[in-house]
Each structure stands twice: as structure tokens, then as C-alpha cells.
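Read off the chains here:
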Amino acid sequence: MSYSLRTPLLFGAVALLFILQGSTDWWIFAGSWNASLTILNMALISAIMALGVNLQWGYAGLFNVGIMGFVALGGLATVLVSMPATPGAWSQGGVGIVFGLLVGAATVVAAVLINTRMAAGRNRTLATIGTLVVGFFLYRFIFDAGVAGVEAINPAQTGYLGGLNPGGPENYKAHGYMTLLAWPVGGILAAGAAWVVGKTALGLRSDYLAIATLGISEIVIAVIKNEDWMARGVKNVIGLPRPVPYEVDLQQSADFVARADSLGLDATTASTLAVKLSYSALFTVVLVALIILAQLSLNSPWGRMMRAIRDNEVAAQAMGKDVTKRHLQIFVLGSALCGLAGAMMTTLDGQLVPGTYQPLRFTFLIWVMVIVGGSGNNLGSVLGAFLIWFLWIQVEPIGNWLMSVVTYGMEDGSALKTHLIDSAAHMRLFSMGIVLLLVLRFSPRGLIPEK
């Protein structure tokens, strides 16, 4: 099958899955447009993550398994931008926290300057150690006092600095546009972290780079979980403002209720569909814009250079290309997309829950999407995201159906039948492995291979 025919057919087949999920309750399908749109919205966000990973791996061959950390930074940015400042937090300790962080950064800079400008010897060693020790204790003294002051402010509900929302605690939800502003901020925050990681880790071979990025992502999650002053840690931040209407507001609108009645829908169902469709529209606009930019970059001289570096670094270096600089560039861009997707996901959820950031969901599954869809192909990674996320959600009903077929002739109440039926809920990893093996066996370059 030709490439020009394969792509629309595969996208059409995946679209049919979502249509069947919403329109019929046959076989594994729920027959609910609410369920279909819920899966679609997360698939759109996952597609942006897959695009970011495809930039790094498909364009440059960078093996990044720290996706989870960059996604979490995007979620953190949503809180820091869209939530209101906690009353009294800055006066009670916020300034101290910032000053303490500045002291810590100044200590590191001073130690580096001493180590680079003083002549090697005992005096330089003593000066470096002395600067670090004194700076550390000064940093902890200032920083810990600020943290204690902030976290003591109504810890059951706030206990953190808050964000930049101008509406204040009473009216911040009226400023839902702040969550939209948080999306690019999430990308910038993830890009900044990626720059720091890349400057230190991109000189490593691919396997060591994978270990480094995984470790750094775990550090990011640990910081978000344990630094309550930043985003309440594991106590979570809930009630984030929305960039779309609230269901209750729609249900109280006479015009909306009248339109719902004309479509044969009750106000509750219509309001939930309208909200999810609004999110779908926002996410689709972002995804389409990113696909266009990614395609333009892929077909540009820059994109051809990146693929040349991926295929043969030694030859690219011989032609005068700065391989390390280009790797850093693509690593930052891909991580920025993951941060953007993380901010969008937190907006969709309406809350930041650090405990939900797991490597299985935000690293392994994204890599499966890219490999199944087609590494090096932007449309392939998007297709893989839609297909794999749909299967990830639908594996349980598929498992229930499969186990009902397998155990059809078994006696009711038998231990084996009960065990098999109960195991249906745990088939996700097994099913993703089977899908990955089938694709690698029959289409090793993915469903839509790189041209």
C-alpha cells in the first residue's frame, strides 16, 4: 500500500473507533459520546507528548526516558500561573524563600569562580569547601524559615505560595484565561529544565543518557511531592480555573437548555458534552499548529541536518556541524512540547496530583505510541498516540470479553474461571506488549514509516 493511501486509511480507521465508542454499545464499545470525548481529549494531549518524543528520537536519536519529569513541570506551571496568590504567603515567608534560593545559587556560582580563578592547591580547596559550607548553612537558615512561614498558613486548604491569578481567592475562577497563559509557561519551564539537563548529560552515550534523564525526572517528581510551599506537595491543588464554561453555568442558561432540548438532550448531558467538545477544540488547535510546525521543520534544511546527525554523527562533525549544540537544541524543543502537554493535561483534570505521575503512563506508554506509529514521522507518532491511548483505555472491556469467551464452557463458581475473569483488569501491560511485538514483527518501522 502506498504511503499517500496508507496514512488517510489508518487515520480513518482510528477515527471509526472513536465514532463507534460514541454511537454504539456493541462488543467493547460503550455507546457514550461522553466516554468517547474523554478518551479523545487525553489522546490529543498524548499526541503532543508523542510529537515531543519524536522530535528527540525520530529527528536526533536521543533516548529520553525522563518524559514524566517534563510533563510534571508543565503541570506545576499551571498551578503557578492560574491559581491566586495565598493571602499573607509572601509576607510570611515567600520573600525569605526567594532570598534563600538566591543565596544558594550565589554560593554555587562563588564556588565555581573560586575553583576556576584561583591557582590549584590547598588554598583553593579550602576556599571552595569553606564557601560551600558557609553558603549551605546560610541558605538553609533563610530558606527553612521562609518555608515554615508559608506552610503554616491554613495548611488544610493552602499552605503554599499560590500563583499569579489576579482574581484573588474569591474570584479567581472568573479568570480562566490564566490557564491558557500557563500552557506556554509550562513549555518554557520544561525547556529550561531540559537545557540544564542537556548541558550536563548530552555528552553521554544513549544508554547513560537514558539513565540520567530517568533519574532527573524522579528528582523533579520528588521535589514537587515534598516541597509543600511550591504546590502543596502530595496534598494536591484542586479547583484550577477553566478556560471553558462550567457545566453548572450552562445548565442555568435558558438559551443553552433550549438548544439542548431542540437536539433531544437533557441539560446535564448536553453541558458535559459541550465542555468536553470545547476542550477538544482547544487541544486540536494546538495539536494541528504543532504538526504544521513540525512538518515544516522536518522538511527544512535544519530538519535534514538533524537527520544527517542522527544517521552518522562522525560524518556530520566532519562536515563542520556542532553535534552537541544541535542535540541540545532538539532536546530542549522536544521537552518543551512535553511540558506544554503536561500543562494542558493538568488544565483538563482541574487539579495537580503529583502522586499520579508514574513512568508507566508518562514514559513507557509514550514510547510505545512513537514506536507503533512510526519513529521519525510526525503523523505516525500522532496516529500511534490516538491508537495506543484508545487501546489502553479499552483493554479492560476487551479483556472481559476475551475471558468470557475463554471461560464459556467452565462451571460457574470454579476457582479457575473466577481467577481468569478477575485477571481481565490487569491485561494492560500484556496487551501493550502484544501490540508492540506485532507491529515490530509485521511493520518494524511503524504503521506510518519515515519517508
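Model, not experiment: these values are computed from the prediction.

Right, let's get into the overall build of the protein chain. Within the protein chain one finds 19 helices and 2 strands. Whereas a compact globule of 451 residues would reach a radius of gyration of roughly 22 Å, the protein chain reaches 25 Å, a difference of no more than 12%. Dimensions of the protein chain along its principal axes, counting C-alpha atoms only, are 80 × 60 × 50 Å. The buried share of the protein chain, taken over its 451 residues, is 47%. A separation threshold of at least 6 residues defines the contact pool for the protein chain, and within that pool the share at least 24 residues apart is 79%. Here the protein chain has roughly 21700 Å² of accessible surface; of this, 67% comes from carbon and sulfur atoms. Across the protein chain, 26 positive and 22 negative side-chain charges occur, with their mean positions spaced 15 Å apart.

The next point concerns the nonpolar core. Formed by 119 residues in total, the largest nonpolar core has its most connected members in Leu287, Tyr357 and Phe386. Top contributing element to this core by residue count: helix α2 (residues 33-60), with 14 residues. Residues from two domains meet in this core; each of domain 1 (3-89 + 153-442) and domain 2 (90-152) gives at least three. Residue contacts for Tyr357: discarding those within four places in its chain leaves Met68, Val71, Ala72, Gly75, Ile221, Met345, Thr346, Leu352 and Phe362.

The next thing to look at is the domain arrangement of the protein chain. You can read the domains of the protein chain as domain 1 (3-89 + 153-442) and domain 2 (90-152). Taking the mean C-alpha position of each, domain 1 and domain 2 sit 37 Å from one another. Tallying the contact residues gives 11 residues for domain 1 and 13 residues for domain 2. Contact with domain 2 buries surface across domain 1, with Ile153, Leu161 and Trp229 losing the most and accounting together for 53% of the total. The tally of links from domain 1 across to domain 2 stands at 0 salt bridges.

Attention now moves to the pattern of salt bridges. Inspection of every chain in the model, using the stated rule, returns 6 salt bridges. Measuring nitrogen to oxygen at the nearest pair gives 2.8 Å for the salt bridge that ties Arg140 to Asp144. You can see Arg140 and its partner Asp144 sitting in helix α5 (residues 122-151), 4 residues apart, about one turn around the helix. Relative accessible area serves as the criterion here: at 32%, Asp144 is assigned to the partly exposed category. The shortest N-O distance in the salt bridge between Arg242 and Glu247 comes to 2.8 Å. Assessed through its relative accessible area of 22%, Arg242 is described here as partly exposed.

The next thing to look at is the packing of aromatic side chains. Per the stated rule, a full pass over the model turns up 14 aromatic pairs. Their ring planes at 75 degrees and their centres at 5.6 Å tell us that Trp57 and Trp367 sit as a pair that is edge-to-face. Taken together, the residues Trp57 in helix α2 and Trp367 in helix α16 (residues 359-373) connect sequence positions 310 residues apart. Judged by centre distance (5.4 Å) and plane angle (45 degrees), the ring pair of Tyr357 and Phe362 falls under tilted. Look at Tyr357 and you get buried, because its relative accessible area is 5%.

Attention now goes to the side chain of Thr363. For Thr363, the position within the fold is in helix α16. For Thr363, a relative accessible area of 9% corresponds to the buried category. Excluding anything up to four places from it in sequence, Thr363 contacts Val65, Ile67 and Met68.

Moving on: the packing of α2 against helix α12 (residues 267-298). The geometry of α2 relative to α12 is characterised by a closest axis approach of 9 Å and an angle of 20 degrees between their N-to-C directions. Relative to α12, the element α2 lies roughly parallel. When you trace α2 past α12, the crossing you get is left-handed. Of the residues that constitute the contact of α2 with α12, the class distribution is 19 nonpolar, 8 polar and 1 charged.

Attention now moves to the confidence of the model for the protein chain. Any region with low pLDDT has predicted coordinates that should not be read closely. Per-chain confidence: the protein chain averages 90 in pLDDT, with 99% of residues scoring 70 or above. Mean pLDDT in the protein chain bottoms out at helix α18 (residues 415-422), which sits at 79, and peaks at helix α3 (residues 67-82), which reaches 95.

Turning our eyes to something else, we now look at α3. Between its terminal C-alpha atoms α3 stretches 23 Å, which fits the 22 Å expected from 16 residues at 1.5 Å a residue. The buried fraction of α3 is high, at 15 of 16 residues.

Here we come to the environment of Leu360. Looking at the element boundaries, Leu360 is found in helix α16. Classification of Leu360 by relative accessible area gives partly exposed; the value is 35%. Along the primary structure Leu360 and Met68 are separated by 292 residues, whereas in three dimensions their C-alpha atoms are 9.0 Å apart. Apart from the residues within four sequence positions on either side, Leu360 is in contact with Leu365, Trp392 and Leu429.

Close contact between α12 and helix α17 (residues 378-406) brings their axes to 9 Å; oriented N to C, the two are set at 145 degrees. Within the contact between the two elements, α12 uses Leu287, Ile291, Ala294, Gln295 and Leu298 and α17 uses Asn378, Leu379, Val382 and Phe386. Split into classes, the residues belonging to the contact of α12 with α17 amount to 7 nonpolar, 2 polar and no charged.

A contiguous nonpolar surface patch, about 620 Å² in accessible area, is contributed by Trp26, Trp27, Trp401, Leu402, Val405 and Val406. You can see Val405 is positioned in helix α17. Taking the relative accessible area as the measure of exposure, Val405 reaches 48% and is therefore partly exposed.

What follows covers unusual backbone geometry. Even without a glycine there, the phi angle at Asn154 is positive, about 45 degrees. Assessed through its relative accessible area of 38%, Asn154 is described here as partly exposed. Its identity as a non-glycine residue notwithstanding, Arg232 has a phi of 70 degrees, on the positive side. Mapped onto the secondary structure, Arg232 falls in the loop between α9 (228-231) and β1 (237-238).

Calculation notes
- Along every chain, residues carry numbers that run from 1 in the direction the sequence is written.
- Only residues with pLDDT of at least 70 get local features here, since the model is predicted, and only at 80 or more are side-chain atom pairs given and counted; chain-wide, interface and lining totals rely on the full set of residues.
- Where side-chain values are given, they derive from all heavy atoms of the structure, hydrogens and water being excluded.
- Put simply, DSSP H or I for four residues or longer makes a helix, DSSP E for two residues or longer makes a strand, and each gets a number counted from the N terminus.
- Within these notes, the globule rule equals 2.2 Å times the number of residues to the 0.38 power, and the radius of gyration is based on C-alpha atoms.
- Each residue is placed in one exposure class: buried if its accessible area under a 1.4 Å probe, protein chains only, is under 20% of its type's maximum, exposed if it is over 50%, and partly exposed if it falls in between.
- Residue contacts follow a heavy-atom distance rule, with two residues in contact if any of their heavy atoms lie within 4.5 Å.
- In this description, accessible areas are obtained by the Shrake-Rupley approach with a 1.4 Å probe, and a residue is regarded as covered only by the protein chains that are shown.
- This count recognises Lys and Arg as positive and Asp and Glu as negative, with His and chain-terminal groups excluded.
- By convention, the point assigned to a charge is CZ for Arg, NZ for Lys, CD for Glu and CG for Asp.
- The criterion is simple. A nonpolar core is a set of buried Ala, Val, Leu, Ile, Met, Phe, Trp, Tyr and Cys residues joined through side-chain atoms within 4.5 Å.
- Domain extents, as shown, originate in an automatic or database domain assignment.
- A 1.4 Å probe defines the accessible area here, and the buried area is the portion of it lost by two parts on being joined, summed over both.
- A pairing counts as a salt bridge when a side-chain nitrogen of Lys or Arg comes within 4 Å of a carboxyl oxygen of Asp or Glu.
- Geometry of aromatic contacts follows a simple scheme: Phe, Tyr and Trp rings, the Trp one being its six-membered ring, pair when their centres are within 6.5 Å, and the pair is stacked under 30 degrees between planes, edge-to-face over 60, tilted otherwise.
- Axes, fitted as lines to C-alpha atoms, cover a helix only where it is in contact. Angles between the N-to-C directions of the axes lie from 0 to 180 degrees.
- For classification purposes, an angle smaller than 35 degrees is called roughly parallel, one larger than 145 roughly antiparallel, one from 65 to 115 roughly perpendicular, and anything else oblique.
- We call a crossing left-handed when the near helix sits turned anticlockwise from the far one by less than a right angle, and right-handed when that turn is clockwise.
- Think of it as three bins: nonpolar holds Ala, Val, Leu, Ile, Met, Phe, Trp, Tyr, Cys and Pro, charged holds Asp, Glu, Lys and Arg, and polar takes everything else, Gly as well.
- Confidence per residue, as judged by the predictor, is encoded in pLDDT with a range of 0 to 100.
- One fewer than the residue count of a helix, multiplied by 1.5 Å, yields its expected span.
- Here, patches come from residues exposed beyond 30% relative accessible area and free of salt bridges, joined within 9 Å for like charges and within 5 Å for nonpolar side chains (Val, Leu, Ile, Met, Phe, Trp, Tyr).

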